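# Inside the fold
Read off the chains here:
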Amino acid sequence: MHIPIKRSRNNKIIAGVVGGIAEHYGWNAAIARVLWVIIALTPLPGIIAYLVLWMLMESPE
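Everything numeric in this text was worked out from a predicted model, so none of it was measured.

## Observations concerning the overall build of the chain
- Across its full length, the chain holds 3 helices and 2 strands.
- Counting from the amino terminus, helix and strand elements in the chain follow one another as β-α-α-α-β.
- Computed over the C-alpha atoms, the radius of gyration of the chain is 11 Å, within 12% of the 10 Å expected from 2.2 N^0.38 for a compact globule of 61 residues.
- When the 61 residues of the chain are sorted by exposure, 28% land in the buried category.

## Some remarks on the packing of aromatic side chains
- Applying the stated criterion across every chain, the model contains 3 aromatic pairs.
- Ring centres of Tyr-50 and Trp-54 lie 6.4 Å apart, and the angle between their planes is 65°; this geometry places the pair in the edge-to-face category. Note that Tyr-50 and Trp-54 are positioned in helix H3 (residues 45–56) at a spacing of 4 residues, about one turn of the helix.
- Residue classification places Tyr-50 among the buried positions, given a relative accessible area of 14%.
- Owing to a relative accessible area of 37%, Trp-54 belongs among the partly exposed residues under this scheme.
- A network of ring pairs unites the aromatic residues Trp-36, Tyr-50 and Trp-54 as a single cluster.

## Regarding helix H2 (residues 29–40)
- Relative to the 16 Å expected for 12 residues at 1.5 Å per residue, H2 spans 16 Å between its end C-alpha atoms, a close match to the ideal helical length.
- Considered for burial, the residues of H2 that qualify are Ala-29, Ala-32 and Trp-36. Seen from one end, H2 has its buried residues packed into an arc of 60°, which puts them on one side. H2 presents Ile-31, Val-34 and Ile-38 as exposed residues on the side facing more than 90 degrees away from its buried surface.
- Of the surrounding elements, those touching the buried residues of H2 are helix H1 (17–25) and H3.
- By the N-cap criterion, in which a side-chain oxygen at the helix start approaches the backbone nitrogen of a residue two or three places on, H2 is capped by Asn-28, the distance to Ala-30 being 2.9 Å.

## With respect to the environment of Leu-35
- Relative to the assigned elements, Leu-35 resides in helix H2.
- What makes Leu-35 partly exposed here is its relative accessible area of 48%.
- It is 16 Å that separates the C-alpha atoms of Leu-35 and Leu-53, two residues lying 18 residues apart in sequence.

Thresholds, definitions, all that
Residues numbered from 1 in each chain as written. Predicted model: local features only at pLDDT ≥ 70, side-chain atom pairs only at ≥ 80, totals over all residues. Heavy atoms only, no water. Helix = DSSP H or I, 4+ residues; strand = E, 2+ residues; numbered from the N terminus. Rg over C-alpha atoms; globule rule 2.2 N^0.38 Å. Buried < 20%, exposed > 50% of the residue type's maximum accessible area, 1.4 Å probe, protein only. Phe/Tyr/Trp six-rings, centres within 6.5 Å; stacked < 30°, edge-to-face > 60°. Expected span 1.5 Å × (residues − 1). Arc of directions from axis to C-beta. Contact = heavy atoms within 4.5 Å. Polar contact = N/O pair within 3.5 Å; in protein donor to acceptor, adjacent residues only side chain to side chain.

See below:
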């Protein structure tokens, strides 16, 4: 199962997940990262969500 969003090839820090989401929806990647950090500060759901998206998103190739 994959979602139709690709990880970013150019706009990435770890795996390009947040950059890919930002590119897909036309968001500023810096703002998306700040929001993701706020979500990730919640004990476990933010990290689990990132890992799940990493597995489900298509490779940028």
